[in-house]
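Chain and residue survey
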Amino acid sequence: MTDIHQFVTRYGSEMDLRALSETDMANILDSIRQLIRSEGQDRQHHLAALTAVKILSRARDRVDLWMSEEIFNWLIVSSHLNRYKTAGDSLAPPDSRDMDTVVEAVKCIYNLTFTNRKVQLMCEKEQCVLELLNRCKIYSNSSIPHSLKLFDLKLMFLITALVSSTASSAAKDWCGVSSLTQLLQDILPANPQNLLSEENCQLVVEILRILYNLLSQFDGHNDNNGEEHAMLAEVSKQLVGCHCETRDRHLEVTKHCCNLWTLLPSKLAHILVPAADELNDVSKVQRSFLGHDVTAIFEILSYLEMLLKDVSVRAQQDQLLPVLLPLTTLCKSNRIIRKYCRCQVLPPLKDEVKQLPEEGNSLRNKFCKLLTSTVTQVKHVAADFLYVLCKENVSRLIKYTGFGNAAGLLAQYGLMSGQSSTSTAYSDDSDSDTEEYRDLESQVNHVTGRCEPVRPNPMEGMSDEQKEYEAMQLLNAMDKLQRLGVVQPSTIGPDGKPVPVEHVLQLAPDIGNTENNED
């Protein structure tokens, strides 16, 4: 056993094992196998052997050379992941004297699962996730340390992410969603400050990540899962309303809750904004709107505002879409959520119409800037969100964004003619204008979306011949740009979408007719 302890001492802090020769690796593996086959293993030797395996797992390209069922089964036994499938109601935590070896064994399996397909399949065969789900039921036992809970959950996330069949079994056969939702409920703070400790925040994040993997296994929203989905929506709402020790940690919890809501049925939107008179303790309502608790939606918008301020163009798709997609769906499904989001994102216009819609630091300004993003999917989803906030009314959308910013969405949906088209039944809430906006409305250029001074007509004083000459000069310039491939002129087709023209004269048929008559 001396060889194992010497190996751990020498390579414990080394991440690069290229200096480890094949002979030395073979010797240390022989020592580990001898320990595995011996009876009555000393705890210190056992722990050292596990640490040696964890070190060896860092050499990812060499794991296949030594990983065997014998070693894997020893890791399973050492981690106590062979005790819970058939334990029934007699679940018991590991002996406190074995806790260090249990944690170290779980870390070994985690490292090996992360890098090696053979180990992933072994985890599937041994039903490690089922074992972990059952162990979760005894996390309330004070003898189970935080480190074991954390690495249990990390391992569960990794297996469900890499082995889809296991994720499917956990979701559909092993009651994984309800078990993990119950675990989240147990973690929810009971203190008056509604504060999640740092350790519990770490557990919450890992649980939410696993739940995302499990919910992804359902094709559509099965009504048979309605009750557990509703419970999960309720718990996630409470989590978003909790306080964390750091702002970054709270934003992380909010992010993973948003990820979950992309997979939950939209019919559960009302759970996120309960009526205040339905709550047991109204004093805990942090944000109220029209008699509803909108704390969860406020936190989502706060998180979104932070992203809009800090996110780079390259990261827009990965960071903004998981928030914008569920938020758009929620707004379309629930009147209270839509009205609250509209009050925050598109409040009644005042004298800010003196500047372009995309200029400024308000949420409206930031969303209007997204409408011209180079990331196509982000641009479309942001436009969808604003369109829903405007109750899918084209005139109202143009009022807040300007026709130029909204042109992409209008072209995509065939709304260039200005006629709204929606199958969604929206409420009849008014869109009252402020006095400041009414005073400036006549000066608003609806293409740019801002007030502009009245400019003199450049064609004033021209004769009809001069006007026709200038029109032909413009057509000639557009024709040249079209032939060079710089622009593609279009007209609006019957379906409200742009239709490319073959020749610029199609944009002004009257001019072509005039020339033909003269000939």
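All of the points below concern the structure found in this document. (Residues numbered from 1 in each chain as written. Predicted model: local features only at pLDDT ≥ 70, side-chain atom pairs only at ≥ 80, totals over all residues. Heavy atoms only, no water.)

Structural notes on the overall build of the protein
Check the secondary structure of the protein and you find 24 helices and eight strands. A globule of 519 residues ought to have a C-alpha radius of gyration of about 24 Å, yet the protein, at 31 Å, is considerably larger. Across the 519 residues in the protein, those meeting the buried criterion constitute 48%. Accessible surface, the protein: about 26,200 Å² in total, of which carbon and sulfur atoms supply 47%. If you average the places of the 52 positive and of the 69 negative side-chain charges in the protein, the two averages end up 4 Å apart. (Helix = DSSP H or I, 4+ residues; strand = E, 2+ residues; numbered from the N terminus. Rg over C-alpha atoms; globule rule 2.2 N^0.38 Å. Buried < 20%, exposed > 50% of the residue type's maximum accessible area, 1.4 Å probe, protein only. Areas by Shrake-Rupley, 256 points an atom, 1.4 Å probe, with all protein chains shown as cover. Lys, Arg positive; Asp, Glu negative; His and termini not counted. Charge placed at Lys NZ, Arg CZ, Asp CG, Glu CD.)

Examining the nonpolar core
In terms of nonpolar packing, the biggest core is built from 154 residues, with W66, L239, F367 and F385 touching the most fellow members. For this core, the element with the highest residue contribution is helix α12 (residues 198-215), accounting for ten residues. (Core = buried A, V, L, I, M, F, W, Y, C linked by side-chain atoms within 4.5 Å.)

What to know about the environment of L251
Structurally, L251 can be placed in helix α14 (residues 247-261). Of the residues examined, L251 reaches a relative accessible area of 8% and is grouped as buried. In this structure, the C-alpha to C-alpha distance between L251 and I337, residues 86 residues apart in sequence, is 20 Å. Setting aside residues no more than four positions away along its own chain, L251 makes contact with Y303 and M306. (Contact = heavy atoms within 4.5 Å.)

Section: the packing of helix α16 (residues 316-333) against helix α19 (residues 376-389)
Two quantities define a packed helix pair, namely the angle between the axes and the distance from one axis to the other. Close contact between α16 and α19 brings their axes to 9 Å; oriented N to C, the two are set at 25°. It follows from the interaxial angle that α16 and α19 lie roughly parallel. Relative to α19, α16 is oriented so that their crossing is left-handed. Seen from α16, the contacting residues are Q316, Q317, L320, L321, L324, L325, L327, T328, C331 and K332; seen from α19, they are Q377, V378, V381, A382, D384, F385, V388 and L389. Here the contact of α16 with α19 is built from residues that sort into twelve nonpolar, four polar and two charged. (Axes fitted to C-alpha atoms, helices over the stretch in contact; angles between N-to-C directions. Parallel < 35°, antiparallel > 145°, perpendicular 65-115°, else oblique. Left-handed = near helix turned anticlockwise from the far one by under 90°. Nonpolar A, V, L, I, M, F, W, Y, C, P; charged D, E, K, R; others polar.)

Quick notes on the pattern of salt bridges
As enumerated under the stated definition, the model contains 19 salt bridges in all. Across the salt bridge formed by E104 and K54, the nearest N and O atoms sit 2.9 Å from each other. With E104 in helix α6 (residues 99-115) and K54 in helix α3 (residues 43-56), the pair connects residues that are 50 residues apart, well separated along the chain. K54 matches E104 in its accessibility class, with the two residues each being buried. For E234, the salt bridge identified is with K237, shortest N-O distance 4.0 Å. Of the two residues, E234 and K237 are both situated in helix α13 (residues 226-240); the distance of three residues between them amounts to about one turn of the helix. Taking the relative accessible area as the measure of exposure, E234 reaches 29% and is therefore partly exposed. By relative accessible area, K237 is classed as buried at 10%. Here the salt bridges do not stand alone but share partners, grouping K154, E206 and R209 into one network. (Salt bridge = Lys/Arg side-chain N within 4 Å of Asp/Glu carboxyl O.)

Brief notes about the packing of aromatic side chains
In total, this model carries five aromatic pairs according to the counting rule given. A centroid spacing of 6.3 Å and a plane angle of 80° characterise the contact between Y110 and F151, whose relative ring orientation is edge-to-face. On the criterion of sequence distance, the pair formed by Y110 in helix α6 and F151 in helix α9 (residues 146-162) is long-range, its members being 41 residues apart. In this structure Y110 comes out as partly exposed when scored by relative accessible area, which is 21%. Seen in terms of ring centroids, Y387 and Y413 are 6.1 Å apart; in terms of plane orientation they differ by 40°. Their pairing is tilted. Residue Y387 is located in helix α19, and its partner Y413 is located in the loop between α21 (403-412) and α22 (435-440); the two are separated by 26 residues in the primary sequence. Residue classification places Y387 among the buried residues on the basis of a relative accessible area of 3%. (Phe/Tyr/Trp six-rings, centres within 6.5 Å; stacked < 30°, edge-to-face > 60°.)

A look at α3
Here α3 contains 14 residues, and its C-alpha end-to-end distance of 20 Å stays within 8% of the 20 Å for a straight helix at 1.5 Å per residue. Within α3, ten of the 14 residues are buried, which leaves the element mostly enclosed by the surrounding structure. The distance from a side-chain oxygen at the start of α3 to the backbone nitrogen of Q44 is 3.0 Å, and the residue carrying that oxygen is D42. (Expected span 1.5 Å × (residues − 1). Polar contact = N/O pair within 3.5 Å; in protein donor to acceptor, adjacent residues only side chain to side chain.)

Examining the side chain of K366
By the element assignment, K366 lies in helix α18 (residues 363-370). Although K366 is buried, it makes no salt bridge; E305 carries the closest opposite charge, 4.1 Å away. Ignoring sequence-local partners within four residues, the contact set of K366 consists of E305, L308, K309 and N361.

Thoughts on the side chain of R249
Note that R249 resides in helix α14. When its relative accessible area of 18% is taken as the criterion, R249 is described as buried. In this structure, R249 is in contact with E198, C201, Q202, V205 and C244, ignoring residues within four places of it in sequence.

Concerning unusual backbone geometry
Even without a glycine there, the phi angle at Q127 is positive, about 55°. Tracing the backbone through its elements, the reader meets Q127 in the loop between α7 (117-125) and α8 (128-136). Residue classification places Q127 among the partly exposed residues on the basis of a relative accessible area of 29%. Even without being glycine, N194 reaches a positive phi, approximately 55°. Considering the arrangement of structural elements, one finds N194 in the loop between α11 (176-187) and β1 (195-196). With a relative accessible area of 24%, N194 lands in the partly exposed category.

Remarks on a nonpolar patch on the surface
Residues L481, L484, V486 and V487 make up a contiguous nonpolar surface patch of about 350 Å² in total accessible area. Within the element layout of this structure, L484 appears in the loop between α23 (464-483) and β7 (490-492). (Patch = residues over 30% accessible without salt bridge, like charges linked within 9 Å, V, L, I, M, F, W, Y side chains within 5 Å.)

Some remarks on α18
Counting buried positions over the eight residues of α18 gives seven, a clear majority of the element. What α18 keeps buried is the set L363, R364, N365, K366, F367, C368 and L370. Looking at the packing, one finds that the buried side of α18 touches α15 (295-310), α16, α17 (335-345), α19, α20 (394-401) and α21.

As for the environment of P93
Note that P93 resides in the loop between α5 (69-78) and α6. The partly exposed category is assigned to P93, whose relative accessible area is 24%. Taking the C-alpha atoms as reference points, P93 and N141, 48 residues apart in sequence, are found 7.5 Å from one another. Those residues within four positions of P93 in sequence are excluded, and the remaining contacts are I138, N141, S143 and I144.

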